[in-house]
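# Residue-level structural notes
This is what each chain is made of:
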Amino acid sequence: MTLEAYADTIVPGQKRSPEDRAIAGVSTGGGAVQAGALELLEWDATGIHDGLDDLARLVNEHAEVYAGEQGLTLDPSVPPFVALEYPDRVALILRLTKPGHPEKDFWVMLSLFCNMSFDSAAHLHTAQALADGHPGLAAMGLSHPDADGLWRFKDFGYGREFARLHPDTTSSGSPA
Amino acid sequence: MSSTAERTDVLVIGSGFGGAIAAYHLAAGGAKVTVLERGPWLESNDFEHDYKLGSSYTRAFDFVVGNGMSILGGNCVGGGSVVYFAAMPRAPRFVFDRQGSIGRRMWPGAVSRDTLDPWYDRVEESLSIAKQDWKDVSYAGGLWAAACNHSGRTANPLAVAIDNTKCVNCNWMMAGCRFEAKQSLLVNYLPAAIAHGAEIRPLHEVQHISRTSDGDYQVHYNVIHDEDYRLQAGSGVIEAKIVVMAAGAGATPVILQRSEPHLGTMPRAVGRYFSGNGERLNTAIIDEEKAAELFGLDRGDGLAYAANQIGKGPTVASWDKLDGSLPEYSRYSLEQLYFPPGLGTILAQVPDATGASWFGKEKKEILKKWTSWLTIFSMIEDDNEGVFGPPPATGNAHRISQQMLGRGNLTYEPTKNTLGAWDASDAEVKEILEKDGLAKVMPWTNDLVGAYTVHPLSSCRMGDDPHTSALDDRNELRDHPGIFVTDGSAVPGALTVNPAMTIAALAERAIPGIVQAAQAKGIAVTYGAPAPDGSRSGRKKVLPLLPTLTRA
Ligand SMILES: Cc1cc2nc3c(=O)[nH]c(=O)nc-3n(C[C@H](O)[C@H](O)[C@H](O)COP(=O)(O)OP(=O)(O)OC[C@H]3O[C@@H](n4cnc5c(N)ncnc54)[C@H](O)[C@@H]3O)c2cc1C
C-alpha cells in the first residue's frame, strides 16, 4: 500500500473505489498504480525488487518524521506515508530526491520505475499493452503499430522548405 | 609468455565506431583481429519495437548514473551506432582551436579541420552520409525549422547516415533499425571486417590488461550472461601484440584504471577531462492552434503537428551560433531530437510548475500532451569537468537492473563556463519556441541523474601535452607502446555538434600509426583498404597523408 501511494504520487490516478487510501485521487484516469507500477517494481529485471520492503519501511519512517515536523497527526489505521495528504507526499518526495540527500539514489530509482510503468509500460510488450488499453500509453497518445507489431508512418513530414540554410554549409550538409 | 593463453595479433576492445573501424582496416591489411564486445550480437530481425525490459531496446543500451552526469551508450556489437540517430555532421572549424579548461589549444597541433577533412571524406563514403532534403525532414524537424525561421534564424536539414528509401520513420532508431535503413556499423565496417577474418565475440567484457614478459599484452575478460548482465558465465585471457581500446569514453578509462596495478602508472589524463559534449535537452509543449496559425502547418488531416512519435531522430539543426568569431563557451548548435518514453520522459519538467516539476499532477498533464512535445538538443562548449573515481568491481559500473541501468564513478561538477553556456542555449531555445505563444519550454532537470549525455568524450584524450592528454597525436597511450585508443575518449573536447563523425574520422586517421606499430612487432599487415563496400575515392585522398602519420 505504501509503494502504491508512492507510485501514485509520481503519476497520480483516480481512486479505484471510494475507500481507496493508497491512491490520493488528485487526477482523473489511471496513474502509475493502474499502469502496473507494482508489477514492474516487483519484477526481478529491475534490480530493485529485493529492496522494496526496505524502501516502504524507510519512506514510512521519513513520513513520520515529516509529519512530526509539520505538526500533522497521522491516521494510525494506514501506513504513515499513505496517511499523508497528496501535497505532503509530494513535499516529502521532493525532499528525498533532492541533490545531497543521502538516500537520493534509491528514491530516484524508485521514481524512475514508477514513471516507466506509466510512460512506457516497461513490464509489458508495448503492442499488447496498447491493444489492452494501457492507461499510460493511451493517455500519452501513442499510436498503434501495424499488424506485424512494427510502426511505420507513411506520412512523416510537411515536405516543405521552412528556412534559409546557414550560409556556411558544405555540399554534404556539414558546418563549413 | 604463458603458453596456455589464446593469441591474436590485434585485440580490439569494443565494437562501436573506434573498434569497428580499427577491426576492419587491420583485418583487411592481413592481421589476425579479435574483437571483444561486452554486449550481445543483435541482427536486424532482433530489433523489436518494444519498450519491455529485456527487448532489444534495453539489451542494446547501457545507462550509467554517475555523480552529476549520467551516460547513455550502446551495449551491443556495433556499439553506439546501433542505437544512434545517425546525424553525422563534421565539427566546425573553430572547434579544433578550442582552449577549454587548460588555457591553450587542446587539440594536437597536427589535427585541424583541414587535416581531418580527408578522413571525414573517408567516413562519408563508407557510411553513405548525405545531406537530407527538406522532403526528408520529419514533422518535428519541419516545425523546428519553421520556428527558427520565424525568429529570424537559419536552419539546416542534417547530414545523416540513413538510406531514406528504406526508412519508414518509425522513430525506433534507439532500439536498432529493423529496416536496415540506418547505416550502423552492422551493415558496413563490421561485415567487411568479418569478411577479412576478424572474429567478434559478443558478451565478452574486458576487465583489465596486463603485460607479458616480452612486451605483449594480456587482455582479461568475463563472459556475460546473455539476458541478465549482472551474471557472469566464465572468464578468460587473450594475448595480443597490439591492443586497440574502443570501449567508449565511459568505459575505456575505467579499464585502464583497473589495469594500472598490472601495467604501471597511467598518464595523468586517463579518466580526467571527461566531456558530455555539452549536451542539454529542452522539452517544448507545442500549442497546436498556434502552430497552425503562425506557420500554416497542416498534416493533411486537420492536425498541425502532434507528431512527436513520427520520424527519425534529429533532422534539422540551427547553426547560427556556430560562429568562430564568438568567444568560447558562447557557441553551440540547437538540434531537434526525438527521445522515446522510458529513458528521458521523467527528466522533462513542467513549464511554470508551481510544485513538483518532474513528477506529480502537473507532470501527468504534460504527459497527456506528449504527442505535442518537441525536444531540442543543445550542444554547448563545456569545460571537460568530468573525473572518474576508483573503478567498480567489474565493467564500468555496478549493474543494478538485468540490463541497462548501472551506477558508475564519474563525477561531473559543471563550472561557471558550462553553466553559463547551458543557460544561454536554454534562453535561446525559449526565445525561439515561446515567440508568439508557439510553445512552453523547460529544460530537463539535472537534479535527478545529473546532466545526461549520449555523447561521452575526452576521458582519455589525445594531445601534445603529456600533462593534459593521455594519448599522443596518433592515439597511442603515452608510455604504453602498442596500446591505442580510437573511441570517443580520444576526442579532446566538446564539438558543438554530434560526435560520431569526428570519432570515426579520428579512428580512420589513427589506423596508419597502428599498422606501423603492428608491423614493428612483426605482424604481417599493410595499410590501404578501400571503404567497406570497395569504394576507393576516399582512400585516394588519404594515401598522400601517410608520411605525416607514421613515425620516422
Ligand atoms: C540514443 C543515442 C543517440 C545518438 N545519436 C547520435 C547521432 O545522431 N549522431 C552522433 O554523432 N552520435 C550519436 N550518438 C553518440 C554515438 O553513438 C557515440 O558518440 C559513438 O557511438 C561513440 O563511439 P565510440 O567508438 O566512442 O564508442 P561506442 O560506439 O559507445 O562503442 C563502445 C563499445 O564498447 C563496448 N564496451 C564497453 N565496455 C566494454 C568492455 N569492458 N569490454 C568490451 N566491450 C566494452 C560497448 O558495449 C560498446 O559497444 C548517440 C548515442 C545514443 C546513445
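See the structure shown above.
The sections below set out a description of the structure shown in this document. (Residues numbered from 1 in each chain as written. Chains lettered and ligands numbered in written order. Predicted model: local features only at pLDDT ≥ 70, side-chain atom pairs only at ≥ 80, totals over all residues. Heavy atoms only, no water.)

## With respect to unusual backbone geometry
Negative phi is the rule for most residues except glycine; trans is the rule for most peptide bonds. Residue and element names in this part refer to chain B. This is how the line gets drawn: Secondary structure elements follow DSSP: runs of H or I no shorter than four residues count as helices, runs of E no shorter than two count as strands, and numbering proceeds from the N terminus. Buried, partly exposed and exposed residues are distinguished by accessible area as a fraction of the type maximum, computed with a 1.4 Å probe on protein chains only: under 20%, between the cut-offs, and over 50%, respectively.
Residue D352 is not a glycine yet carries a positive backbone phi of 55°. Among the secondary structure elements, D352 is positioned in the loop between β14 (333-337) and α9 (361-367). Overall, D352 belongs to the exposed group, its relative accessible area being 54%. The phi dihedral of T496 is positive, around 65°, even though this residue is not glycine. Structurally, T496 is set in the loop between β21 (483-485) and α11 (500-520).

## Things to note about the layout of surface pockets
Note the threshold: Residues are called lining when one of their atoms sits within 4 Å of a cavity or pocket point, these points coming from a 1 Å grid over the protein atoms alone, where a cavity is a set in which a 1.4 Å probe fits but cannot get out and a pocket is an open set with protein on both sides within 12 Å along at least five of seven lines. Grid points are joined across faces, edges and corners, and a volume is the space filled by probe spheres set on the points. Note on residue classes: Ala, Val, Leu, Ile, Met, Phe, Trp, Tyr, Cys and Pro are nonpolar, Asp, Glu, Lys and Arg are charged, and everything else, Gly too, is polar.
Approximately 230 Å³ is the volume attributed to the largest pocket. Forming the walls of the largest pocket are 18 residues, and the residues nearest its centre are A:K104, B:N67, B:G68, B:D447 and B:G450. Mapped by element, the contributors of at least two residues to the lining of the largest pocket are α7 (104-119) of chain A together with β3 (61-67) of chain B. When residues of the lining of the largest pocket are assigned to their parent elements, the largest contribution, three residues, is made by β3(B). Among the residues making up the lining of the largest pocket, the classes are represented as seven nonpolar, seven polar and four charged. Here the second largest pocket is characterised by a volume of approximately 190 Å³. Looking at the second largest pocket, it is lined by 16 residues, and the ones nearest its centre are B:L42, B:S44, B:S184, B:L186 and B:V187.

## Notes on empty space enclosed by the protein
All names here are of chain B. This model, assessed by the stated rule, comprises nine cavities of 30 Å³ or more. Size it by volume and the second largest cavity reaches roughly 110 Å³. Around the second largest cavity sit 15 residues that line it, and C167, C170, M173, C177 and A181 are the ones nearest its centre. Class assignment of the residues belonging to the lining of the second largest cavity gives a composition of nine nonpolar, three polar and three charged.

## Concerning the interface of chain B and chain A
The line we're drawing: Only heavy atoms enter the contact rule, under which two residues are in contact if any of them lie within 4.5 Å. A quick way to say it: buried area is the sum, across both parts, of accessible area lost when two parts are put together, with a 1.4 Å probe. Throughout this description, the term salt bridge denotes a Lys or Arg side-chain nitrogen within 4 Å of a carboxyl oxygen of Asp or Glu. As used in this structure description, the phrase polar contact means that two N or O atoms lie within 3.5 Å; if the pair is within protein, one of them must be able to donate a hydrogen and the other to accept it, and residues adjacent in sequence are counted only when both atoms belong to side chains.
Chain B puts 77 residues into the contact, and the matching count from chain A is 71 residues. Here chain B and chain A share an interface that buries about 6,100 Å² over both sides, 62% of which is from carbon and sulfur atoms. Scanning the region where chain B abuts chain A turns up one salt bridge. A salt bridge links A:D105 to B:R407; the nearest nitrogen and oxygen atoms lie 2.4 Å apart. Between chain B and chain A we count 31 residue pairs in polar contact (both at pLDDT 80 or more) in total. In terms of residue count, the dominant contributor to the side of chain B that touches chain A is helix α5 (residues 139-150) of chain B (six residues). Broken down by class, the residue content of the side of chain B that touches chain A amounts to 39 nonpolar, 16 polar and 22 charged.

## Concerning the sheet that holds strand β6 (residues 156-157) of chain B
Sheets are built from strands paired through backbone hydrogen bonds, the pairs being either parallel or antiparallel. All names here are of chain B. Rule in force here: When DSSP finds two or more bridges between two strands, those strands count as paired.
An order of β6-β13-β14-β15-β12-β19 is seen for the six strands of this open sheet, with the pairing classed as antiparallel. One side of each edge strand has no neighbouring strand; the edge strands of this open sheet are β6 and β19 (439-443). The pairing of β14 with strand β15 (residues 373-379) spans five bridges and is classified as antiparallel. Its bridge partner lying in β15, L334 is registered against S378.

## Quick look at a negative patch on the surface
All names here are of chain B. Operational definition: Patch construction takes residues with relative accessible area above 30% that form no salt bridge. Like charges are linked within 9 Å, and nonpolar side chains (Val, Leu, Ile, Met, Phe, Trp, Tyr) are linked within 5 Å. Surface accessibility in these figures is a Shrake-Rupley result with a 1.4 Å probe; residues are shielded only by whichever protein chains are displayed. Under the counting rule used here, the positive set is Lys and Arg, the negative set is Asp and Glu, and His together with the chain ends is not counted. Here the site of a charge means atom NZ of a Lys, CZ of an Arg, CG of an Asp or CD of a Glu.
On the surface, D287, E289, E293 and D436 cluster together into a negatively charged patch. Assignment of secondary structure puts E289 in helix α8 (residues 288-295). On the accessibility criterion, E289 (67% relative accessible area) is exposed.

## Here we look at the packing of helix α1 (residues 2-10) of chain A against α7(A)
Residue and element names in this part refer to chain A. Heads up, the condition is: To define axes, lines are fitted to C-alpha atoms, for helices over the stretch in contact only, and angles between the resulting N-to-C directions are given on a 0 to 180 degree scale. For classification purposes, an angle smaller than 35 degrees is called roughly parallel, one larger than 145 roughly antiparallel, one from 65 to 115 roughly perpendicular, and anything else oblique.
Axis separation between α1 and α7 bottoms out at 9 Å; the angle between their running directions is 75°. The angle between α1 and α7 places the two elements in the roughly perpendicular class. Seen from α1, the contacting residues are L3, Y6, A7 and I10; seen from α7, they are W107, L110, S111, C114 and N115. Here the contact of α1 with α7 is composed, by residue class, of seven nonpolar, two polar and no charged.

## Regarding the pattern of salt bridges
Residues and elements named next belong to chain B. Under the counting rule described, the total for this entry stands at 39 salt bridges over all chains. Taking the shortest distance from any N to any O, the salt bridge between D216 and R7 comes out at 3.6 Å. You can see D216 sitting in the loop between β9 (204-211) and β10 (217-224) and its partner R7 sitting in strand β1 (residues 6-13), a full 209 residues away along the chain. Overall, D216 belongs to the buried group, its relative accessible area being 4%.

## Things to note about the site of the ligand
Residue and element names in this part refer to chain B. What counts here: Throughout, near means a residue has at least one heavy atom within 4 Å of the molecule or strand.
E37, G80, A87, G488 and A500 are the nearest of the 37 residues found near the ligand. Contact between the ligand and A86: an oxygen atom at 3.2 Å from a main-chain N or O atom of the residue. For the ligand, the accessible surface in isolation is 990 Å², of which the surrounding protein chains cover 96%. Elements with a contribution of two residues or more to the shell around the ligand: α1 (17-28), β4 (69-74), α3 (80-83), β9 and α11.

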